[in-house]
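Fold and geometry: a report
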Amino acid sequence: MTSGKERPSWDTYFMDITCLVAKRSTCLRRSVGAVLVKDRRLLATGYNGAPSQVRHCAETGCLRQQRNVPSGERHELCRGIHAEQNAIIQAAYHGVSIKGATLFCTNLPCSICAKMIINAGIVRIVYASGYADSLSSEMLGEAGVELEKWPSSQTEVPS
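Below is a summary of the structure that appears in this document. (Residues numbered from 1 in each chain as written. Predicted model: local features only at pLDDT ≥ 70, side-chain atom pairs only at ≥ 80, totals over all residues. Heavy atoms only, no water.)

Packed helices, taken two at a time, are described by the angle their axes make and the gap between the axes. Packing of helix 5 (residues 111-120) against helix 6 (residues 134-142) leaves a shortest axis separation of 8 Å and a crossing angle of 15 degrees. Looking at the two axes, helix 5 sits roughly parallel to helix 6. The crossing of helix 5 and helix 6 is right-handed. Two secondary-structure elements touch here, helix 5 through S111, A114, K115, I117 and I118 and helix 6 through L135, S136, M139 and L140. Here the residues of the contact of helix 5 with helix 6 sort into 6 nonpolar, 2 polar and 1 charged. (Axes fitted to C-alpha atoms, helices over the stretch in contact; angles between N-to-C directions. Helix = DSSP H or I, 4+ residues; strand = E, 2+ residues; numbered from the N terminus. Parallel < 35°, antiparallel > 145°, perpendicular 65-115°, else oblique. Left-handed = near helix turned anticlockwise from the far one by under 90°. Contact = heavy atoms within 4.5 Å. Nonpolar A, V, L, I, M, F, W, Y, C, P; charged D, E, K, R; others polar.)

Read across the sheet, 5 strands follow the order 2-1-3-4-5 without closing on themselves; strand pairing throughout is mixed. The open sheet is flanked by strand 2 (41-47) and strand 5 (146-149), the only strands paired with a single partner. Each neighbouring strand pair of the sheet contributes to a mean axis angle of 20 degrees, computed without reference to strand direction. Where strand 4 (residues 124-129) and strand 5 come together, 4 bridges link them in parallel fashion. Note that in strand 5 the partner of I125 across the bridge is L147. (Pairing = 2+ DSSP bridges.)

With that settled, consider the state of the cysteines. Taken as a whole, this structure holds 0 disulfides when the rule is applied. Free cysteine C78: the closest other cysteine sulfur is in C57, separated by 5.6 Å. Overall, the relative accessible area of 28% leaves C78 in the partly exposed class. (Disulfide = S-S within 2.5 Å. Buried < 20%, exposed > 50% of the residue type's maximum accessible area, 1.4 Å probe, protein only.)

Turning our attention to unusual backbone geometry. Non-glycine residue R40 carries a positive phi angle of around 60 degrees. Here R40 is to be found in the loop between strand 1 (33-38) and strand 2. Despite not being glycine, Q53 shows a phi value in the positive range, around 70 degrees. Looking at the element boundaries, Q53 is found in the loop between strand 2 and helix 2 (57-60). The exposure class of Q53 is exposed, given its relative accessible area of 82%.

Structure below.
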């Protein structure tokens, strides 16, 4: 028996979850979410913000803003960790293999995350919006990681 309503595709389902995960972000400048999926199973999630046991930027202020660091540059000048890094770390922490997985992300990963993604064996990235880091897409392409830009009309990405 069918209800007559249209079910979302798997990619839509996981991208919607990714946008929900981004709402947990503690970053003052940009909310980013990441979800790792393999064989239609959610493996790990991550959002950007300060590490566990460390004060959030809402308490300390944004270091990047205080130093006028442009987006896409000097990633090390930040109290936060990227959503993609948090998802990869969460999988490792719980002993979950992400080799062959797809990463759903609200933003195209930066070059630092791209290097981690490549070495973690992630084979596909579905992202909602770009990022000011051309080296990232260059390296991902060279490594054969499939990049798919998600149609912005299909998902509400948090700011």
